[in-house]
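# Fold and contact review
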Amino acid sequence: MRNYILIVIGICLSLLMILFSANIFESIFYDREFSNEMYNLGLYFEIALLDVITAWLGAFIFYYLINSVRFSRWFHWLLTMLITALFSVATCYYHSENVFISDAMDFSRQLFIFSFINAIVECVLFIVASFSMRSWSSNCRYTPIPE
Amino acid sequence: MRLFLFLVGGTGVRVMRPLIMQLASGILPLDVSGNSIPLELVPIIVDPHRANEDLKRTENLLRWYCQIRKSIYKEQDNVRRGFFAAKISTLKDLVPNGNSLSDTFIYNIGSVESKKFHELISFNTLDTANQALCSMMFSKYQLDTKMDIGFVGSPNIGSVAMNKIKDSEEFKQFSNVFQKNDRVFIVSSIFGGTGAAGYPIIVNNIRNAANNILVNNKGDLANACIGALTVLPYFNIQQDEKSPISRADFISKTKSALFYYHDNLTGLKNTGEDISQSKINVCYYIGDEVPSTPYFNDPGDNGQRNDAHVVEFVGALSILDFLQIPDDLLVTYNGKAINPIFKEYGLANDKKSLSLKDFGMSTRIYINHRMIMFHLAYMYLTNHFNEDIGHGYTLDKPSLNRGFLSTSFYTTLTSNFYVAYIQWLRELKTNQRSFVPFNLNTSMLRDCITDIQTKTGFLKFPIDYKDVMSVMNKCSQKASKINKFSADDLPKKLFELMYDSFDKLVGEKYNSVI
Amino acid sequence: MKTIIKTTACVMLVASLTIMCSCNSGKNKEFNQILLDLAEKDRIVDYNDWEQIKEFLESNKNHYSFFFDGETMSVESIKCYVIDFFNKRRTPMDIKFVGIGDNRFLNVKFYLERSGSMTPYDSPAGDGKFKSAIVGMLNNLPNEKNNHKLFVVNSSINEYPEGIKKFLADNNIFEATRGIGDPSFTDFASIFNSILNNTKDNELSILVTDMIYSTKNMNGVNPQKVFAEANGMTNAIFKNRVVNLSTLIVKMTGSYNGLYYSYNTPKGKKYNGQRPYYIIVIGNKENILRLTEDKAYFSLSKFQKLNGFENLYLFGNSGIYHPHYSILLNHPNIQGYFHPERGQTKQITEIKEINPDRNTGNIQLALAVDLSKMFIDDDYMLNKANYEVESIDDVSIVQIKPIDKKELSQVDKKYSGSATHIFIIESQNISCNQLIKIKLKNKIPSWVFSSSSDDDSDVNDESFSSTTFGLKYLLSGIYDSYNLNTDGAPYYFELNMQLNK
């Protein structure tokens, strides 16, 4: 029962992240022009969606595809989280940069700062996804911490 | 099914050791359709030689086995699968108010043990003629032998002393608790004193229960299913001029005993003709031509302690084999077994050093899987379990924490039982023929079984402890979903998980173990 | 576990759908690329763009059967598609259609006043400005000259049978039209009436006139009465037609070499010098707007470039223009803090969380506005006094200056688009949510008054060379009819900004 509650909460949090992506990102970092463009070009939404998908995918890979005793300690989990975050952030950066370039805009500096925030958000999402889905994993259901 | 197992003399006691290991591995008798039969074993050690080291070791093993089993299964009978599934009880356990018995597996043979032989037969009170007859039949040494070192390879002493059995409290209680479907099995050596003499006496006392005013269940006892393992000479002893025991005697003693058995025990005559009846339902004979590493020549008074031997291991299998013979093949009428069965054992490969692969097919099918499982479990608990605590399945409720390592269950298992287990394996290895089922010089799972390799291939790595944990995790996950174990079920949890996991792993990770 | 499998399945489904949707068929991609090439830059689909679109669709008729109603192409559905396509892009934009289909060119009816007071403009002794302006204007018409008609007007309206080509070829433009109608007076009532009633939807009427209102016998008549009559006449004629029609009046100057007939000297006085004359362009609203939007008519619309151009003024209904404007997000003149409201993809007009600058205590916003493509004089547009600001708090225009693209960030460039000027708007405080309206008032420009005289009897007067007798009465008559039904002061355009606390 507890496991089902956790996954429902996880899904809800992820959906909220997608739904309120702009508010969440802007509450952490706001730059008038950059934030406005991010919103108008739909990038907040896309990045949040990508974040959520990669976080859940990363967690899924860790907990169900790898699902290995050899790769089940907290530092393995941490490594997976960092790789997921790096992948997600790099993809988001590359994607956003491309969108901006196609619109003849240069926001490299802001994007760089934003990427840090995005990395944190991605990590939080990864944690949410981890705790939502881990209980069904045979080898990693107590990773990173038992309860 | 309940079996009263009489272990007579030093060899009988030694056969108990491998049997305990086999039972600990979860080997149970199988019925005709291959299902496990729950087993309750009541070992009765008949050996006046109390100081015998082998006896002490066996008794300890039995005690530890019982403690461990009790921690795992509580008082549960009818356990059909798992390590330590068979229940081992003392006679006292079976008697509702058996306060007059001591809680031990060792048969107290009246007052025999404390006396010298001449005292036992009241030599001094005999008239001169009888004294002279006695002096002819027994040597001076024999008359002066103190009975607590056994019958020092002298069946002539044993046959006199063992007759006291039928009057003992143990025999009375045994007859009380004996039920129709119970079976009796007697293990003895033919070439010694206690065994060779005790075996026919025990059989006769059971078959003649009708004439014994002290016992109950006379009919059931008289017609009980009796199996017997007669161990023929298999070990060598150092030549010692001064010792009453010598290997040269073994053969002649064996011959004469066999003749005696043939006429009075295993083969019966009717008006001088052999008839297909016997006092024993199933007779097992085992021995080995290859002489063992010479044992230190010790008649018993310095604490007889002999290394385990593969013959004992095979001998123990005869007990399980006996339990698997269906009732309708073991008909006894008027204390006489109809169509008795006689069995010997042969190896598949006649080698100086045996592995699990060298037994015959049916043995391999029957025991190899379980023995390997048990050894892997031993390897895991000894080498790796420590590291897994606090991870994976150990965290499932009820959780196995470090405190578990200091429970009496765990210390009994690892500090006592496993130590004895590995000691037993070492002895098997150093003896002649050497029996080396497992590689004792490794702490890895991949090479711990002799002659059986782990499966490898592309992206398929040899088994290691992580694989164990992985399977344990899966099994534990299933179990905790249905809250299978309660908080005081920790030993059961660990052992059931190990049993299920290794059951799976042996099949998955090793090339054919049969 | 089942939940996880389901979740995974959903994610994969969404992912695969996204991939499938993004894989448009090659044809659609090609079509969309054509649209981008044609219209992304200028945001206008003109005749040539349209022809290319048509050609593509015709050759891929099978694939685009939904654009066809049987054999005929459905213009509306294609327009819808194009508008929709550009609106749904990551950077949405509005697309205008000009001159598509059969409306490639406007047909021009050219009315040339040939009264006695007109011929001296083209006197051989003059400087030729008049002729060069007229010829230049007619040459700027993009299409075949034969589609246009030339009328000679004075007491009556007569079509010039030889056509514009011949007219342009003539040395002396009035020579060719000599003898048509009665040149002694100009019947503005019937001329305007005819023009207003006969200018069809795809037509433009251009009248070249000196705008001197005269009746048949002016001698001894009180000029004020003439003015009142002129005023009443234009008012009466225009008021029924102003809903659809716009009227542009361009004041020109040319040399005048000949007799000038002032209101009280029917014999005329010799005058040799500069005199104003007027080009009046009348067409329906869309066509007048098209002149500045359709590339084909750009050169025609540049009246400023005609030789002798002075001023111009457009009569139109309030709100005739809708210039593009946007609040800039990053401009040196900005003071204070604000956030743009979300979701403004084409222009920024709503801002929130406005706070004054910590140093100056001021709120100063920069509003980029496209003041091009309008028939309004620059000095009128750039005079902040001509703007009216409606707001709750005290908001004022500090400055209107041409845009310096170098000062704009890339984002601001995107939103300001074609903007030509920056309005600096200032306020001490924004106390509550409010809509700020900035309107460019539509007043009769001062040049009309300075170009009008009540007495033209003295040809030697200093102002004679630049004034027209009774001009303001004629024009105010038109002005009044345009603003008959307007609430409040008439205006050209309004810029709305929503400022939220």
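These numbers come from a predicted model, not from an experiment.

Time to look at the overall build of chain A. The secondary structure content of chain A amounts to six helices and zero strands. From first element to last, N terminus to C terminus, chain A shows the α and β order α-α-α-α-α-α. Its C-alpha atoms give chain A a radius of gyration of 16 Å, within 12% of the compact-globule value 15 Å for 147 residues. Each principal axis of the C-alpha distribution contributes one length, and for chain A these read about 50 × 30 × 20 Å. Burial analysis of chain A (147 residues in total) assigns 56% to the buried set. Restricting to contacts in chain A with at least 6 residues of sequence separation, those with at least 24 account for 74%. For chain A, the separation between the mean place of its 7 positive charges and that of its 11 negative charges on side chains is 22 Å.

Turning our attention to the side chain of Asp182(B). As for its placement among the helices and strands, Asp182(B) is situated in the loop between helix 8 (169-177) and strand 4 (183-189). Once you skip the residues sitting within four places of it in the chain, Asp182(B) turns out to touch Arg2(B), Phe4(B) and Val177(B).

This next bit is on the pairing of strand 9 (residues 245-260) of chain C. Side-chain positions along a regular strand alternate between the two faces of the sheet. Residue and element names in this part refer to chain C. With 15 of its 16 residues buried, strand 9 lies for the most part within the structure. Pairing of strand 9 with strand 10 (residues 269-284), which is carried by 16 bridges, proceeds in the antiparallel orientation. Residue pairing across strands places Tyr 256 opposite Gly 273, the latter belonging to strand 10. Across six bridges, strand 9 lies against strand 11 (residues 309-315) in antiparallel orientation. For Leu 248, the partnering residue across the bridge sits in strand 11 and is Leu 314.

To continue, consider the interface of chain C and chain A. Frequently, the measure chosen for interface size is the accessible area that the parts lose on association. In this complex, chain C contributes 27 residues to the contact, which on the side of chain A involves 27 residues. Summed over both partners, the interface of chain C with chain A comes to about 2,300 Å²; 55% of that surface belongs to carbon and sulfur atoms. One salt bridge in this structure joins Lys414(C) and Glu37(A), with 2.5 Å as the shortest N-O distance. Counting across the interface, chain C meets chain A through 16 residue pairs in polar contact (both at pLDDT 80 or more). For the side of chain C that touches chain A, the elements supplying multiple residues, two or more each, are helix 1 (2-22), strand 13 (337-340) and helix 13 (410-416) of chain C. At five residues, helix 13 of chain C tops the list of elements feeding residues into the side of chain C that touches chain A.

This part covers a negative patch on the surface. Together, Asp455(C), Asp458(C), Asp461(C) and Glu462(C) line one region of the surface with negative charge. Classification of Asp458(C) by relative accessible area gives partly exposed; the value is 38%.

Highest in contacts among the two pairs of chains that touch are chains A and C. Note that chain B does not reach chain C: the shortest distance linking a C-alpha of one to a C-alpha of the other is 12 Å.

A few words on the packing of helix 2 (residues 21-28) of chain A against helix 4 (residues 43-66) of chain A. Residues and elements named next belong to chain A. Where helix 2 contacts helix 4, the two axes come as close as 8 Å, and the packing angle between them is 95°. When the axis of helix 2 is compared with that of helix 4, the two are roughly perpendicular. Here Ser 21, Ala 22, Phe 25 and Glu 26 of helix 2 come into contact with helix 4, specifically with Tyr 44, Phe 45, Ile 47, Ala 48 and Asp 51. A breakdown of the residues in the contact of helix 2 with helix 4 according to their chemical character gives six nonpolar, one polar and two charged.

Quick look at the interface of chain A and chain B now. With eleven residues of chain A at the interface, the matching set in chain B holds 14 residues. Both sides together, the interface formed by chain A and chain B hides about 1,100 Å², and carbon and sulfur atoms give 47% of it. Counting across the interface, chain A meets chain B through eleven residue pairs in polar contact (both at pLDDT 80 or more). Residues belonging to the side of chain A that touches chain B are distributed by class as follows: four nonpolar, four polar and three charged.

A word on a nonpolar patch on the surface. Taken together, the side chains of Met1(A), Ile5(A), Ile9(A), Leu13(A), Leu16(A), Leu19(A) and Phe20(A) define a hydrophobic patch exposed on the protein surface, amounting to about 720 Å² of accessible area. If you trace the backbone, Phe20(A) turns up in the loop between helix 1 (2-19) and helix 2.

This paragraph deals with helix 3 (residues 47-59) of chain C. All names here are of chain C. The terminal C-alpha atoms of helix 3 lie 18 Å apart, and with 13 residues this matches the ideal 18 Å at 1.5 Å per residue to within 8%. Listed as buried for helix 3 are Tyr 47, Asp 49, Trp 50, Ile 53, Phe 56 and Leu 57. Sitting at the head of helix 3, Asp 46 places a side-chain oxygen 3.2 Å from the backbone nitrogen of Asn 48.

Further remarks concern the sheet that holds strand 3 (residues 87-88) of chain B. Residues and elements named next belong to chain B. The strand order 3-2-1-4-5-9-12 describes an open sheet built from seven strands, whose pairing is parallel. Whereas interior strands pair on both sides, the edge strands pair on one side only; in this sheet they are strand 3 and strand 12 (341-343). Pairing of strand 1 (residues 2-8) with strand 2 (residues 40-46) involves seven bridges; the strand directions are parallel. Residue Val 8 lies in a different strand from strand 2, and its bridge partner there is Val 46.

All names here are of chain B. Helix 18 (residues 490-509) packs onto helix 13 (residues 361-383) with a crossing angle of 120° between their chain directions and a minimal axis gap of 9 Å. What the angle tells us is that helix 13 and helix 18 run oblique. When the axes of helix 13 and helix 18 are compared, the crossing they make is right-handed. Of the residues in helix 18, those touching helix 13 at His 369, Arg 370, Ile 372, Met 373, Leu 376, Ala 377, Tyr 380 and Leu 381 are Leu 494, Met 498, Tyr 499, Phe 502, Asp 503, Val 506 and Gly 507. Here the contact of helix 13 with helix 18 is built from residues that sort into eleven nonpolar, two polar and two charged.

All names here are of chain C. Ordered by their spatial adjacency, seven strands build an open sheet running 7-6-5-8-10-9-11, and the pairing between neighbours is mixed. Every interior strand has two partners, whereas the edge strands, strand 7 (157-159) and strand 11, have only one. The sheet shows a mean angle of 25° between the axes of neighbouring strands, taken without regard to direction. Set on the sheet, helix 5 (residues 129-139) makes contact with strand 5 (107-113), strand 8 (203-209), strand 9 and strand 10; between it and strand 10 the angle comes to about 15°.

Bringing helix 4 of chain A into the picture now. The largest bend in helix 4 of chain A amounts to roughly 30° and is located at Phe60(A). At the C-terminal side of helix 4 of chain A, Asn67(A) shows a positive phi close to 35°.

Moving on, we get to unusual backbone geometry. With omega at 5°, the peptide bond leading from Thr143(A) into Pro144(A) counts as cis. Here the amide bond leading from Lys397(B) into Pro398(B) is cis, since omega sits at -5°, within 30 degrees of zero. Relative to the helices and strands, Pro398(B) is located in the loop between helix 14 (385-388) and helix 15 (402-405). Phi is positive for Lys74(B), which is not a glycine, with a value near 55°. With respect to the secondary-structure elements, Lys74(B) resides in the loop between helix 2 (53-73) and strand 3. If you check the backbone angles, Met211(C) has positive phi at about 65° while not being a glycine. Structurally, the position occupied by Met211(C) is in the loop between strand 8 and helix 9 (223-239).

This part is about the confidence of the model for chain C. Summarising the model, chain C shows a mean pLDDT of 86, and 94% of its residues fall at 70 or more. Across the predicted assembly, pTM comes out at 0.81 and ipTM at 0.89.

In total, this model carries 41 salt bridges over all chains according to the counting rule given. A salt bridge links Lys87(B) to Asp77(B); the shortest N-O distance between them is 2.9 Å. A residue pair is termed long-range when its members are at least 10 positions apart, and Lys87(B) in strand 3 and Asp77(B) in the loop between helix 2 and strand 3 qualify at ten residues. Across the pair Arg290(C) and Asp294(C) runs a salt bridge whose closest N-O atoms are separated by 2.9 Å.

As a further point, take the packing of aromatic side chains. Evaluation of the coordinates by the stated rule reveals 81 aromatic pairs over all chains. Taken together, a centroid distance of 6.1 Å and an interplanar angle of 65° make the contact between Tyr380(B) and Phe385(B) edge-to-face. When sorted by exposure, Tyr380(B) lands in the same class as Phe385(B), which is buried. Over the face of the ring belonging to Phe322(B) we find Arg183(B), whose NZ or CZ atom lies 5.3 Å from the ring centre. Above the face of the Phe464(C) ring, Arg275(C) is positioned so that its terminal group lies 4.4 Å from the ring centre.

Now for the environment of Tyr410(B). Here Tyr410(B) is to be found in helix 16 (residues 408-430). Beyond its immediate sequence surroundings of up to four residues, Tyr410(B) is in contact with Leu381(B), Phe385(B), Phe404(B), Leu405(B) and Ser415(B).

Parameters and conventions
- Residues numbered from 1 in each chain as written.
- Chains lettered and ligands numbered in written order.
- Predicted model: local features only at pLDDT ≥ 70, side-chain atom pairs only at ≥ 80, totals over all residues.
- Heavy atoms only, no water.
- Helix = DSSP H or I, 4+ residues; strand = E, 2+ residues; numbered from the N terminus.
- Rg over C-alpha atoms; globule rule 2.2 N^0.38 Å.
- Buried < 20%, exposed > 50% of the residue type's maximum accessible area, 1.4 Å probe, protein only.
- Contact = heavy atoms within 4.5 Å.
- Lys, Arg positive; Asp, Glu negative; His and termini not counted.
- Charge placed at Lys NZ, Arg CZ, Asp CG, Glu CD.
- Pairing = 2+ DSSP bridges.
- Buried area = accessible area lost by both parts, 1.4 Å probe.
- Salt bridge = Lys/Arg side-chain N within 4 Å of Asp/Glu carboxyl O.
- Polar contact = N/O pair within 3.5 Å; in protein donor to acceptor, adjacent residues only side chain to side chain.
- Patch = residues over 30% accessible without salt bridge, like charges linked within 9 Å, V, L, I, M, F, W, Y side chains within 5 Å.
- Areas by Shrake-Rupley, 256 points an atom, 1.4 Å probe, with all protein chains shown as cover.
- Axes fitted to C-alpha atoms, helices over the stretch in contact; angles between N-to-C directions.
- Parallel < 35°, antiparallel > 145°, perpendicular 65-115°, else oblique.
- Nonpolar A, V, L, I, M, F, W, Y, C, P; charged D, E, K, R; others polar.
- Expected span 1.5 Å × (residues − 1).
- Left-handed = near helix turned anticlockwise from the far one by under 90°.
- Bend = angle between axes of the 7 residues up to and from the residue.
- pLDDT = per-residue confidence, 0-100.
- Phe/Tyr/Trp six-rings, centres within 6.5 Å; stacked < 30°, edge-to-face > 60°.
- Lys NZ or Arg CZ within 6 Å of the ring centre and 35° of its normal.

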